[in-house]
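One letter stands for each residue in the lines below.
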Amino acid sequence: MRKILPLLLAQTMVFFHCSLKGSMDIKEYFARISYGGSYEKPDLETLTEIFQHHIQAVPFENLSIHCGETIELDLAATYDKIVRKKRGGWCMENNHLLSWALKTLGYNVTLLGAKVYIPEHDAYADDIDHLLLKVVLHDKSYIVDGGFGMAYQLWQPMELISGKDQPQTPGIFRFVEENGTWYLEKVKRKQYVPNHSDSAPHNVDKEVCRRVYLFTLQPRDIEEFRARNLHLQTAPDSLFVTKSICSLQTPDGVRALVGWKLTEIKYNYKDNMDLVEIRILADEEMEKTLKEKFNITLDKKFVPINTSRLSLF
């Protein structure tokens, strides 16, 4: 009996350890993002495929703030929310989960911190408020960011090289490096808005170069984002407190629900122009729209809001 008890205890500990490890399953994550491709080889092609499946399946959203929930940074909680409850998340959730998936597959991943550009203030945030990833493949570094959302969401990993235009479906992205600080910019296309509020089709004639965020290559730990994660969901003047946001990349564009405004963009609709369609929803349309457009079903009552004048487009 004395010999059997230690053996049983050891077997129990092994089972318990395996159960903990098995609580997050890469195949379950792949099912969530509808990825059925190969993943044995951690190369750029596989990285790009997984990344694109992620951004077209997992919304960028802050709906938890507006239905009485708390956004946690614990990986297990994020996994449960996004993979099992089929929700989305903001950068600290999306990219944290994506980093786990990529590390599980053998990629060399580093967390980085960024400061987002605020056009209305013509300034970057005072503190780091965005999480992104650096992935090194064959001595080349790439930025992988699956958590910016809206029309500034990358669709492919970007090679970390300064001054080089990197065209993608949403537009032309590029990095500019100055004294160790990296700046991400996007050249936006002209836009055609057929149902603009002035009752006439509206054209934005000029292509606009828009700053997106700045960052350094200093490695970060998820613990460094906890204070900012709390601030962004509780501060009265936080963009995420004053706007309810849900956006999802589509095969040919992006759709976003900000407050009651549903915007759907089709990239490069014609003549290097994006088609932008806008509709204001009624309260009774919200639940159906979240389900049909974003595949989101909320457990608690959602209260939309849009009191900030800061632009997301």
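Here, every reference points to the structure presented above.
All figures in this text were calculated on a predicted structure; none of them were measured in a lab. Note that residues are indexed from 1 along each chain, following the sequence as it is written. Where local features are concerned, this predicted model is filtered to residues with pLDDT of at least 70; where side-chain atom pairs are given and counted, the filter is 80 or more; whole-chain, interface and lining totals use all residues. For side-chain calculations, the full set of non-hydrogen atoms in the structure is used, while hydrogens and water are omitted.

(A) Representation of the packing of aromatic side chains within the structure. Here a pair means two rings of Phe, Tyr or Trp (six-membered ring of Trp) with centres within 6.5 Å. Their orientation is stacked below 30 degrees between planes, edge-to-face above 60, and tilted elsewhere. As enumerated under the stated definition, the model contains 14 aromatic pairs in all. Seen from their ring centres, F175 and W182 are 6.2 Å apart, and the 90° between their planes marks the pair as edge-to-face. In this structure F175 comes out as buried when scored by relative accessible area, which is 0%. Among the aromatic residues, those joined into a cluster by ring pairs are Y29, F30, Y35, Y39, Y79 and W100. When the ring centre of Y152 is taken as origin, the NZ or CZ atom of K186, which lies over that ring, is 5.3 Å away. Exposure classes here rest on a 1.4 Å probe applied to the protein chains alone. A residue is buried below 20% of its type maximum, exposed above 50%, and partly exposed in between. Either the NZ atom of lysine or the CZ atom of arginine qualifies as a charge over a ring when it sits within 6 Å of the ring centre and within 35 degrees of the ring normal.

(B) Looking closely at the pattern of salt bridges. Any Lys or Arg side-chain nitrogen located within 4 Å of an Asp or Glu carboxyl oxygen qualifies as a salt bridge. Considering all chains together, one arrives at 17 salt bridges under this definition. Among the ionic pairs, R84 bridges to E28, the shortest N-O distance being 3.1 Å. With a gap of 56 residues between them, R84 in helix α4 (residues 75-84) and E28 in helix α2 (residues 26-32) connect regions that are remote in the sequence. Taking relative accessible area as the criterion, R84 reaches 39% and is therefore assigned partly exposed. By relative accessible area, which is 27% here, E28 ends up partly exposed. Here a strand is any run of E in DSSP of at least two residues, a helix any run of H or I of at least four, and the numbering for each starts at the N terminus.

(C) Summary view of the pairing of strand β2 (residues 108-118). Taking burial as the measure, the 11 residues of β2 include eight buried ones, the bulk of the element. At least two DSSP bridges between two strands are needed for those strands to be called paired. Bridge analysis of β2 against strand β4 (residues 130-137) gives seven bridges, and the strand direction is antiparallel. Residue pairing in the sheet places G113 in a bridge with L131 of β4. Sheet topology places β2 next to strand β3 (residues 123-124); two bridges connect them, and they run antiparallel. Within β3, the residue paired with I118 across the bridge is A123. Where β2 hands over to β3, the hairpin turn is made up of four residues, of which D122 adopts a positive phi near 50°.

(D) Spatial organisation of the environment of K188. One can find K188 in strand β9 (residues 181-188). Judged by relative accessible area, which is 17%, K188 ranks as buried. Residues adjacent in sequence count toward polar contacts only when both atoms are side-chain atoms; beyond that, a polar contact is any pair of N or O atoms within 3.5 Å, and within protein one must be able to donate a hydrogen and the other to accept it. Within the structure, the side chain of K188 is placed 3.4 Å from the side chain of Y152, a separation counted as a polar contact.

(E) Quick look at unusual backbone geometry. Phi at S34 takes a positive value of approximately 60°, unusual for a residue other than glycine. With respect to the element layout, S34 can be found in the loop between α2 and α3 (44-57). Residue S34 is classed as exposed on the basis of its relative accessible area of 57%. Phi at D139 takes a positive value of approximately 65°, unusual for a residue other than glycine. In this fold, D139 is placed in the loop between β4 and β5 (140-144).

(F) Seen up close, the nonpolar core. Take the buried Ala, Val, Leu, Ile, Met, Phe, Trp, Tyr and Cys residues and link them wherever side-chain atoms come within 4.5 Å; each set so joined is a nonpolar core. Ranked by internal contacts, the top residues of the largest apolar core, which has 70 residues, are Y29, I143, Y213 and F215. If you tally residues by element for this core, the top one is helix α5 (residues 91-104), at seven residues. Among the nonpolar cores identified, the runner-up in size contains 13 residues, and L63, L257, F294 and L298 belong to it.

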